[in-house]
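Chain and residue survey
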Amino acid sequence: MADSAAHEAPSRNDIRELDTGSDAAIDRLSLEQALRDVEIANGRVVDLTSRLLSVSEELADTRRELDVLQSDHDGLIELHLRMKGSHAFRLADRIWALRNLLRR
């Protein structure tokens, strides 16, 4: 008789318990995978944030350097215009023009 019980089809309660156990195992695995996915996504966010901050600092440094260079350039343009307008430059320019006439 014990032998016949071992070969009997599982009852509906047995199937429900198996299904419940399988569902719980699947739910547990799904939760574990979701937690891994969240951990990976968080790592990517941290990496991207770090890279963004680094590029932002580099951009700010480059803008400061550009401002300094533009200021220097403006000063050099102003100096050039003053030199061009000076008496010595006008005299040198006339001498140069005279020299070119004499060489012809």
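Residues numbered from 1 in each chain as written. Predicted model: local features only at pLDDT ≥ 70, side-chain atom pairs only at ≥ 80, totals over all residues. Heavy atoms only, no water.

The next point concerns the overall build of the protein. Looking only at helices and strands, the protein has three helices and zero strands in total. For the protein, the N- to C-terminal ordering of α and β elements is α-α-α. By the burial criterion, 0% of the 104 residues in the protein qualify as buried. (Helix = DSSP H or I, 4+ residues; strand = E, 2+ residues; numbered from the N terminus. Buried < 20%, exposed > 50% of the residue type's maximum accessible area, 1.4 Å probe, protein only.)

Moving on, we get to the pattern of salt bridges. On inspection of all chains with the given rule, the structure shows four salt bridges. If you follow the salt bridges from partner to partner, you end up with R28, E32 and R36 in one network. (Salt bridge = Lys/Arg side-chain N within 4 Å of Asp/Glu carboxyl O.)

Summed over the entire model, instances satisfying the criterion amount to zero aromatic pairs. Geometry around W96 places R99 over its ring, the cationic atom sitting 4.5 Å from the centre. (Phe/Tyr/Trp six-rings, centres within 6.5 Å; stacked < 30°, edge-to-face > 60°. Lys NZ or Arg CZ within 6 Å of the ring centre and 35° of its normal.)

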